[in-house]
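Working through the structure, step by step
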Amino acid sequence: QVQLVESGGGLVQPGGSLRLSCAASGFTFSNYGMSWYRQAPGKERELVATITSGGYSYRNYADSVKGRFTISRDNAKNTVYLQMNSLKFEDTAVYCCGKGTTWRGLPVDYWGQGTQVTVSS
């Protein structure tokens, strides 16, 4: 069955960096787009970034993270990453990866359990 396992979250100071990983199994990873979402306490879930499958992986980002976050994938390792730089207090949230239903990455049909990112001084 499909499994998505996130890791890499933690506590970081403002301006710091973290790299999240999402290890996928149970499906042909290279055929599907992937996405990262986040949800902060009391807020709705927000789409952070999406990466398509294929030889050239198209990427899309939420305006709030453009220029600071980078989504990437390693099909040999069945893993999608989210490199987060210049972190801000408002980036504090639970970050989840999602498997797309097609090569586009959206909509998502499976979710990981999430990893907590806390930005605090």
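Residues numbered from 1 in each chain as written. Predicted model: local features only at pLDDT ≥ 70, side-chain atom pairs only at ≥ 80, totals over all residues. Heavy atoms only, no water.

**Focus on the sheet that holds strand β8 (residues 79–84)**
Taken in spatial order, the 4 strands make up an open sheet running β1-β3-β8-β7, and their pairing is antiparallel. Two strands bound the open sheet, and with one partner strand each, they are β1 (3–7) and β7 (69–74). Each strand of the sheet is rotated relative to its neighbour by a mean of 15°, with strand direction disregarded. Two strands pair when backbone bridges link them, and β7 and β8 are joined in this way by 6 bridges, in the antiparallel orientation. When the bridges of β8 are listed, arginine 73 appears paired with valine 80. (Pairing = 2+ DSSP bridges. Helix = DSSP H or I, 4+ residues; strand = E, 2+ residues; numbered from the N terminus. Axes fitted to C-alpha atoms, helices over the stretch in contact; angles between N-to-C directions.)

**Examining unusual backbone geometry**
Going from leucine 106 to proline 107, the amide bond is cis rather than trans, its omega being -5°. Note that proline 107 resides in the loop between β9 (93–100) and β10 (108–111). Located in the positive-phi region is asparagine 78, a residue other than glycine, with phi close to 55°.

**Things to note about the state of the cysteines**
In this structure the tally under the stated criterion is 1 disulfide. There is a disulfide in this structure between cysteine 22 and cysteine 97, and the S-S distance comes to 1.9 Å. Across the S-S bond of cysteine 22 and cysteine 97 the torsion is about 50°, and the bridge reads as right-handed. One end of the pair, cysteine 22, is in strand β3 (residues 18–25); the other, cysteine 97, is in strand β9, with 75 residues separating them in the sequence. Both residues of the pair, cysteine 22 and cysteine 97, count as buried. Just so you know, cysteine 96 is unpaired, no disulfide at all, and the nearest cysteine sulfur is the one on cysteine 97, 7.5 Å from it. For cysteine 96, a relative accessible area of 15% corresponds to the buried category. (Disulfide = S-S within 2.5 Å. Buried < 20%, exposed > 50% of the residue type's maximum accessible area, 1.4 Å probe, protein only.)

**A few points about the environment of tryptophan 36**
By the element assignment, tryptophan 36 lies in strand β4 (residues 34–39). In this structure tryptophan 36 comes out as buried when scored by relative accessible area, which is 0%. Separated by 52 residues in the primary sequence, tryptophan 36 and lysine 88 have C-alpha atoms spaced 17 Å apart. Reaching out from tryptophan 36, the side chain makes a polar contact with the backbone oxygen of tyrosine 81 at a distance of 3.3 Å. (Polar contact = N/O pair within 3.5 Å; in protein donor to acceptor, adjacent residues only side chain to side chain.)

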